[in-house]
Amino acid sequence: MNVRTSVIGLNPRGAALAKAIAAAGHDVVVWDEAGASAEPVEDVRRADSPQAAFTASLVLMCLDDYDAVQRVLGRAGPHLVSADLVNLTSGTSEQAQRAAAWVRARGGHYLDGALMAHPEHVGQPETVLVYSGSREVFERRHSSLAHLGGATYLGPAPGTAALYDVAMLNFAWATLIGFLQTAALLGTAQVQATTVAPLLTHWLSTTVTEVITDYARQVDDHRYPGDQEWLELDAPLMDHLVDAVRARGLDTALPELIQSLTARGIDAGHGKDSFASLVEILRS
């Protein structure tokens, strides 16, 4: 179905959203504060004002920050109440909650979203996008949002999608810095990163996936049976890792962090519990 859609914000992410929704056959108009100097997007029309952009039935907003979000919303005027607003601007859950409250207080319809991918992945079915806020907007616009990637609704609290975004970034950065530390350590023995990468990706897709699934149950149950591994068993191995990294002249911050968290877990009485018990140290 052809839905008249506006995309506000033509940074690389916003431009990718506009291209994907236009490719799906929607009648798309775009607007950006930067005017003609904004990211170019072919086969779409440009609105001459944010007020004109808000005359569409679906408005996708993807700006650089929430200061820009507030400026645009303030200029939307009476048109704010006629559109379904989906905000994909990155920020904190508190910022999303404030924006949602501001829109609702003026009779508007607000759905917050987070794009869990780079711009070039927008429009691919496997790309993850999550949403929270108005269930009515999500259900009404699901077919349109599905053109951007997989669309998952997380609940009515507007800030949930933004929190999910930063939590997943935490996982991504922690995983990737772990890979870089591994590559640096093996590189001291002239092992190429491209040699170890297939071994790691296979390990991640098999063993590590199973471990995460098991740990998820332990975290939710607040029970950490140390049947297969436990902190007092892991601790000496961490000492070996720190020694190896230091001996080869590499930065020890990451392995020392793991070593320190484990020591705190043992001191807190989790010595016979699984590695998952460290969530209690993180919670504290």
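Higher on the page you've got the structure.
A brief structural summary. (Residues numbered from 1 in each chain as written. Predicted model: local features only at pLDDT ≥ 70, side-chain atom pairs only at ≥ 80, totals over all residues. Heavy atoms only, no water.)

### Observations concerning the overall build of the protein chain
When you go through the protein chain residue by residue, the secondary structure sums to 10 helices and eight strands. Viewed in the frame of its principal axes, the protein chain has a C-alpha envelope of about 65 × 40 × 30 Å. Across the 284 residues in the protein chain, those meeting the buried criterion constitute 41%. Taking contacts inside the protein chain between residues at least 6 apart in sequence as the whole, the part at least 24 apart equals 61%. Separation of charge centres in the protein chain, based on 20 positive and 33 negative side chains, amounts to 7 Å. (Helix = DSSP H or I, 4+ residues; strand = E, 2+ residues; numbered from the N terminus. Buried < 20%, exposed > 50% of the residue type's maximum accessible area, 1.4 Å probe, protein only. Contact = heavy atoms within 4.5 Å. Lys, Arg positive; Asp, Glu negative; His and termini not counted. Charge placed at Lys NZ, Arg CZ, Asp CG, Glu CD.)

### Some words on the environment of Gly187
With respect to the secondary-structure elements, Gly187 resides in helix α6 (residues 160-187). A C-alpha to C-alpha distance of 16 Å links Gly187 and Val242, two positions 55 residues apart in sequence.

### What about helix α9 (residues 253-270)?
Of all the residues in α9, the buried ones are Pro255, Leu261, Thr262, Gly265 and His270. Down the axis, α9 shows its buried residues gathered within 125 degrees of arc, on one side only. The secondary structure elements touched by the buried residues of α9 are α6, α8 (231-247) and α10 (278-283). (Arc of directions from axis to C-beta.)

### Things to note about the sheet that holds strand β1 (residues 5-8)
The strand order across the open sheet formed by eight strands is β3-β2-β1-β4-β5-β6-β7-β8, and the pairing between neighbours is mixed. If you trace the sheet from one side to the other, it starts and ends with β3 (45-46) and β8 (150-153), each paired once. When strand β7 (residues 128-133) meets β8, the two strands line up parallel, connected through four bridges. By the bridge assignment for β8, Leu129 is matched with Ala151. (Pairing = 2+ DSSP bridges.)

### Quick look at a nonpolar patch on the surface
There is a patch of nonpolar side chains on the surface, built from Leu163, Val166, Leu169 and Trp173 and spanning about 400 Å² of accessible area. By the element assignment, Leu163 lies in helix α6. (Patch = residues over 30% accessible without salt bridge, like charges linked within 9 Å, V, L, I, M, F, W, Y side chains within 5 Å. Areas by Shrake-Rupley, 256 points an atom, 1.4 Å probe, with all protein chains shown as cover. Salt bridge = Lys/Arg side-chain N within 4 Å of Asp/Glu carboxyl O.)

### Focus: the nonpolar core
Counting residues in hydrophobic clusters, the biggest one holds 29 residues, and the most contacted among them are Val86, Leu88, Leu111, Tyr131, Leu145 and Leu148. With six residues, the top contributor of residues to this core is helix α1 (residues 12-23). Apart from the residues lying within four places of it in its own chain, the contact partners of Val86 are Leu58, Val59, Leu60, Met61, Leu111, Tyr131, Val137 and Leu145. (Core = buried A, V, L, I, M, F, W, Y, C linked by side-chain atoms within 4.5 Å.)

### What about helix α3 (residues 66-76)?
All of the buried residues along α3 are Tyr66, Ala68, Val69, Val72, Leu73 and Ala76. The arc that holds every buried residue of α3, seen down its axis, measures 145 degrees, which confines them to one face. Residues of α3 that are exposed and point more than 90 degrees away from the buried face comprise Asp67 and Gly74. You can read the cap of α3 off the contacts: a side-chain oxygen lies 3.2 Å from the backbone nitrogen of Asp67, and it is on Asp65. (Polar contact = N/O pair within 3.5 Å; in protein donor to acceptor, adjacent residues only side chain to side chain.)

### Topic: the packing of aromatic side chains
On inspection of all chains with the given rule, the structure shows two aromatic pairs. Ring pairing ties together the aromatic residues Tyr131, Phe138 and Tyr153, which thus form one cluster. The positively charged end of Arg106 is found above the aromatic ring belonging to Trp102, 3.7 Å away from the centroid. (Phe/Tyr/Trp six-rings, centres within 6.5 Å; stacked < 30°, edge-to-face > 60°. Lys NZ or Arg CZ within 6 Å of the ring centre and 35° of its normal.)

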